[in-house]
Amino acid sequence: SKLQGTVDFLGELSGDRQRSPDPSSKLKFDDSGTVCFNVGKYAGWNIENVARNDPGYIDWFMNKSDFPQTTKAVVRAALEHAA
């Protein structure tokens, strides 16, 4: 295959999309590279859709859940990127 200089191509080439965006693997990348929940009632949903459809869940996740701070930091960054 031909090398390309796009972020998507390089992400695929490096295997980055197969890795979890957070160390605890509570999150994953979907086929388009968007951060999604990998566990819980919104497993497979991207962060932006959950925030739009159930902001209370995002509030609970960020402020009351015992998910690792590293996972919360990735969710926070995904929300800021989507805004």
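Use the structure listed above.
On a predicted model such as this, the values are computed, not experimentally measured, just so you know.

Novice: Residues and numbers for the overall build of the protein, please.
Specialist: Within the protein, the regular secondary structure consists of 4 helices and 2 strands. With 83 residues in all, the protein has 30% of them scored as buried. Counting only contacts in the protein whose residues sit at least 6 apart along the sequence, the fraction spanning at least 24 positions is 22%. Counting only carbon and sulfur atoms, one obtains 51% of the accessible surface of the protein, whose full area is about 5400 Å².

Novice: Could you give me a rundown of the pattern of salt bridges, with the residues and numbers involved?
Specialist: This model, assessed by the stated rule, comprises 3 salt bridges. In this structure, the salt-bridge partner of R52 is E48, at a minimum N-O distance of 3.2 Å. Of this pair, R52 and E48 both sit in helix α2 (residues 47-53), 4 residues apart, which is roughly one turn of the helix. Judged by its relative accessible area of 53%, R52 is exposed.

Novice: Just give me the short version of the nonpolar core, but keep the residues and values in it.
Specialist: In this structure, L27, F37, I47, F61 and V75 are the most contacted members of the largest nonpolar core, which totals 14 residues. Sort the elements by how many residues they give to this core and helix α3 (residues 55-63) lands first, with 4 residues.

Novice: Which residues make up the packing of aromatic side chains, and what values do they have?
Specialist: A full pass over the atoms with the stated rule returns 9 aromatic pairs. Measuring from centroid to centroid gives 5.7 Å for F37 and Y57, while their planes differ by 85°, and the two rings are edge-to-face. Placement of the pair is F37 in strand β2 (residues 35-37) and Y57 in helix α3, with a sequence separation of 20 residues. What makes Y57 buried here is its relative accessible area of 10%.

Novice: Pulling in residues and values, what's your account of helix α4 (residues 69-82)?
Specialist: Here α4 is 14 residues long and its end C-alpha atoms lie 20 Å apart, about the 20 Å a rise of 1.5 Å per residue gives. For α4, the set of buried residues is T71, K72, V74, V75 and A78. The arc that holds the buried residues of α4, viewed along the axis, is 160°, so those residues lie on one side. In α4, those exposed residues whose orientation departs by more than 90 degrees from the buried face are Q69, E80 and H81.

Rules behind the numbers
- Residues numbered from 1 in each chain as written.
- Predicted model: local features only at pLDDT ≥ 70, side-chain atom pairs only at ≥ 80, totals over all residues.
- Heavy atoms only, no water.
- Helix = DSSP H or I, 4+ residues; strand = E, 2+ residues; numbered from the N terminus.
- Buried < 20%, exposed > 50% of the residue type's maximum accessible area, 1.4 Å probe, protein only.
- Contact = heavy atoms within 4.5 Å.
- Areas by Shrake-Rupley, 256 points an atom, 1.4 Å probe, with all protein chains shown as cover.
- Salt bridge = Lys/Arg side-chain N within 4 Å of Asp/Glu carboxyl O.
- Core = buried A, V, L, I, M, F, W, Y, C linked by side-chain atoms within 4.5 Å.
- Phe/Tyr/Trp six-rings, centres within 6.5 Å; stacked < 30°, edge-to-face > 60°.
- Expected span 1.5 Å × (residues − 1).
- Arc of directions from axis to C-beta.

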